[in-house]
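Each chain is listed here by its residues.
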Amino acid sequence: MAKFNLDYYSGENFYSDGDIEKEILKIVKTQGNYESMENVPFPVLYHLSRVRENILNWYPFQEDATCLEIGSGCGAISGLLCERMKKVVSVELSKQRADINMARHERVPNLEIWVGNLNDMVFGEQFDYIVLNGVFEYAPGFTEGDQPCETFLKNIKRLLKPEGILLIAIENRFGLKYFAGAPEDHTNGYFDGIAGYPDNHSVRTFSKGEWERLMEACGFSYHRFYYPYPDYKFPREVFTDESLKEQKYGLPTWNFTKYRMALFREGQVAETIQQDGRMDYFANSFLIEMSRNQIRADKKVLYAKMSTDRDRHFSIATTIEEQNGEKVVVKQPMTNEAKRHLQNMQNKQKDYGSWSSLGIKAKGDAVVTPFLQEKSLGQQAKQAIYEHNVEKVKNLISTVSMLCEKNPQQLGTVIS
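Remember, predicted model here, so these are calculated numbers, not experimental data.

Rules of the game
- Residues numbered from 1 in each chain as written.
- Predicted model: local features only at pLDDT ≥ 70, side-chain atom pairs only at ≥ 80, totals over all residues.
- Heavy atoms only, no water.
- Helix = DSSP H or I, 4+ residues; strand = E, 2+ residues; numbered from the N terminus.
- Rg over C-alpha atoms; globule rule 2.2 N^0.38 Å.
- Buried < 20%, exposed > 50% of the residue type's maximum accessible area, 1.4 Å probe, protein only.
- Contact = heavy atoms within 4.5 Å.
- Areas by Shrake-Rupley, 256 points an atom, 1.4 Å probe, with all protein chains shown as cover.
- Salt bridge = Lys/Arg side-chain N within 4 Å of Asp/Glu carboxyl O.
- Core = buried A, V, L, I, M, F, W, Y, C linked by side-chain atoms within 4.5 Å.
- Polar contact = N/O pair within 3.5 Å; in protein donor to acceptor, adjacent residues only side chain to side chain.
- Axes fitted to C-alpha atoms, helices over the stretch in contact; angles between N-to-C directions.
- Parallel < 35°, antiparallel > 145°, perpendicular 65-115°, else oblique.
- Nonpolar A, V, L, I, M, F, W, Y, C, P; charged D, E, K, R; others polar.
- Pairing = 2+ DSSP bridges.
- Right-handed = clockwise from strand over helix to strand, strands pointing away.
- Arc of directions from axis to C-beta.
- Phe/Tyr/Trp six-rings, centres within 6.5 Å; stacked < 30°, edge-to-face > 60°.
- Lys NZ or Arg CZ within 6 Å of the ring centre and 35° of its normal.

Asker: Explanation requested: the overall build of the protein in the structure shown.
Answerer: When helices and strands are counted, the protein shows 15 helices and 14 strands. The C-alpha atoms of the protein give a radius of gyration of 23 Å, which matches the 22 Å a tight globule of 416 residues would have. Taken along its principal axes, the extent of the C-alpha atoms in the protein is 75 × 50 × 45 Å. Classification of the 416 residues of the protein by burial places 46% in the buried group. Long-range contacts, defined here as pairs at least 24 residues apart, represent 65% of the contacts in the protein between residues at least 6 apart. Carbon and sulfur atoms make up 48% of the accessible area of the protein, which amounts to about 21,600 Å² in all.

Below is the structure:
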């Protein structure tokens, strides 16, 4: 059973989404399905959607590690962290939200939920990982001093083991969506973050350059930026500096922002910025990995795409990784039901005789393939149609016909 620690609870809940949190607790306790509700309120979606886990469900955590989750809220990623690591301590200011987290994960044996202000707590240990998912921006509101963000980051660092890793997910105040007309997430005002929060002193997000200076001031000599899209709250893709140059940033996706203006086509502008090599400064959100020293890892994730919004039978994560100097593509199940989907994929390749020729390997429940730089016939066809290139479309149809006559069993493999 999960443990509940109220030793540092002051009896005050400093923030809340209001009465809707009582409804969320009711849904969780009755194991209700919010997806069957009509007009699902945003707080319900935000706190309970499985898509929230996409921010870290691809990340290569060490299994025997300990983790401190700061600002766990209603437990959107607490369960994921418990699945991936040996021990998780989740800290939350609001008891009402902590109650929801407890109701969701009360049967999880490696979870401890502490209620109160982190700055008042004494843990008696340091952690391998510390995770802040949408929390650091509130540091000015609960940390005293002239430099509350720097003070808070230094306080967090003391709780990290010498070789530990800190992971912070937060909005980029220069995110492209804010220039395009999305209101600032915390103030609901247009261009507030871009202008430096002139009328607000309790919340702050930062640009990439500001983060680099802050980490240097706090003694984090190593860092790596990831760029969740469309943002860290409901990410479908996660880019890195390497994949921003190779993958298309800004694919069409959902928009959960109220009163959103559309001053320009975000995807179109993103493409021109990306061509100039500056998309990292205008990504909507950051996931920052930082440590005192260089992180040594067997693999390096260059790109991740998650399909958590699919039916559970087809919910998989696809990552492009660098392993021993070579790029590979790894597909792994996000649910137990999706394991069969990947098994069927493996069996299909074996049946078509293309398993060994493509270099496909099974690794546990995952499927590993070499990284192929070339575009598929499907991608080429879409591009040709977009360009109204009739001749190229004819040539592609001729190629498919030829392949079908040559070896019809491998047609599905070649097209996809």
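Asker: Would you mind showing me how to read the pattern of salt bridges here?
Answerer: A side chain with one charge can pair with a side chain of the opposite charge if their charged atoms come near. With the rule as written, the count across this model stands at 20 salt bridges. We note a salt bridge from Glu 271 to Lys 248, for which the minimum N-O separation is 3.2 Å. Of this pair, Glu 271 sits in helix α10 (residues 266-275) while Lys 248 sits in the loop between α9 (241-246) and α10, placing them 23 residues apart in sequence. Judged by relative accessible area, Glu 271 falls into the partly exposed class, the value being 36%. Assessed through its relative accessible area of 44%, Lys 248 is described here as partly exposed. One connected set of salt bridges, linked through shared partners, spans Glu 171, Lys 177, Asp 185, Asp 231 and Lys 233.

Asker: How should I be thinking about the nonpolar core in this particular structure?
Answerer: Nonpolar side chains in soluble globular proteins tend to be buried together. One finds Leu 56, Trp 58, Tyr 59, Leu 81, Tyr 129 and Leu 167 to be the most contacted residues of the largest nonpolar core, which totals 49 residues. Beyond its immediate stretch of four places on either side in the chain, Leu 56 contacts Phe 61, Ile 77, Leu 80, Leu 81, Arg 84, Val 131, Leu 167 and Leu 287. Within the second largest apolar cluster, 48 residues are counted, among which are Ile 70, Ile 130, Leu 153 and Phe 286.

Asker: For this particular structure, what's the right way to read the side chain of Thr 318?
Answerer: Following the sequence through the fold, Thr 318 ends up in strand β11 (residues 316-323). Only 3.1 Å separates the side chain of Thr 318 from the side chain of Lys 331, close enough to count as a polar contact. The residues touching Thr 318, leaving out its near neighbours within four places in the chain, are Tyr 303, Ala 304, Lys 305, Val 329, Val 330 and Lys 331.

Asker: Can you walk me through the packing of helix α1 (residues 20-29) against helix α4 (residues 95-105) in this structure?
Answerer: In a packed pair of helices, the relevant descriptors are the angle between the two axes and the axis-to-axis distance. Between α1 and α4, whose axes approach to 9 Å, the crossing angle comes to 10 degrees. The pairing of α1 with α4 is recorded here as roughly parallel in orientation. Across the interface between the two elements, Glu 21, Ile 24, Leu 25, Val 28 and Lys 29 of α1 pack against Gln 96, Arg 97, Asp 99, Ile 100, Ala 103 and Arg 104 of α4. Within the contact of α1 with α4, the residues separate by chemical class into five nonpolar, one polar and five charged.

Asker: How should I be thinking about the pairing of strand β2 (residues 66-70) in this particular structure?
Answerer: Along a regular strand, successive side chains alternate from one face of the sheet to the other. Among the five residues in β2, five count as buried, and that is most of the element. Taking every second residue as pointing to the same face, both faces of β2 are buried, with Thr 66, Leu 68 and Ile 70 on one and Cys 67 and Glu 69 on the other. As paired elements, β2 and strand β3 (residues 87-92) share five bridges and run parallel to each other. Looking at β3, one finds that Cys 67 is bridged to Val 88. Regarding the hand of the β-α-β motif, the stretch spanning β2, helix α3 (residues 78-84) and β3 is right-handed.

Asker: Would you take a moment to explain the pairing of strand β6 (residues 160-171) for this structure?
Answerer: Of all the 12 residues making up β6, nine are buried; the element is thus mostly covered by neighbouring parts of the structure. Relative to β6, strand β5 (residues 127-133) runs parallel, the two sharing six bridges. Bridge pairing in β6 links Phe 127 to Leu 160. Where β6 and strand β9 (residues 285-291) come together, six bridges link them in antiparallel fashion. The partner of Glu 171 across the bridge, within β9, is Ser 285.

Asker: Whenever I open this one, α1 confuses me. Can you help?
Answerer: An α-helix turns once per 3.6 residues; consequently, residues spaced three or four apart project the same way. Restricting attention to buried positions, one finds in α1 the residues Ile 20, Glu 21, Ile 24, Ile 27 and Val 28. Buried residues of α1, viewed axially, fall in a sector of 110 degrees; they line one side. When the buried face of α1 is taken as reference, the exposed residues oriented beyond 90 degrees from it are Lys 22, Lys 26 and Lys 29. In this structure, the buried side of α1 is in contact with α2 (42-48) and α4. The positive-phi residue at the C-terminal boundary of α1 is Gln 31, with phi of around 55 degrees.

Asker: Teacher, can you tell me more about the packing of aromatic side chains here?
Answerer: Counted according to the given criterion, the structure contains 24 aromatic pairs. Summarising the aromatic geometry, the rings of Tyr 59 and Tyr 129 are spaced 6.4 Å apart at their centres and angled 90 degrees between planes, so their arrangement reads as edge-to-face. One end of the pair, Tyr 59, is in the loop between α2 and β2; the other, Tyr 129, is in strand β5, with 70 residues separating them in the sequence. For Tyr 129, a relative accessible area of 4% puts it in the buried group. An aromatic cluster is present here, built from Trp 58, Tyr 59, Phe 61, Tyr 129 and Tyr 226 joined pairwise through their rings. Positioned above the aromatic ring of Phe 225 is the side chain of Lys 208, whose terminal nitrogen or guanidinium carbon lies 5.0 Å from the ring centre. Here the basic side chain of Lys 208 rests over the ring of Tyr 281, its NZ or CZ set 5.6 Å away from the ring centre.

Asker: I tried to follow unusual backbone geometry on my own but got confused; where do I start?
Answerer: Outside of glycine, negative phi angles account for most residues, and trans bonds account for most peptide bonds. Omega for the peptide link from Tyr 229 to Pro 230 comes to 5 degrees, which places this bond in the cis form. In this structure, Pro 230 sits in the loop between β7 (222-229) and β8 (237-240). Positive phi values are uncommon outside glycine, yet Phe 191 reaches one of about 65 degrees. Within the secondary structure, Phe 191 is located in the loop between α7 (176-180) and α8 (208-217). Its identity as a non-glycine residue notwithstanding, Asn 324 has a phi of 55 degrees, on the positive side. With respect to the helices, strands and loops of the structure, Asn 324 is situated in the loop between β11 and β12 (326-333). Judged by its relative accessible area of 79%, Asn 324 is exposed.

Any functional reading would require information beyond the geometric quantities listed.
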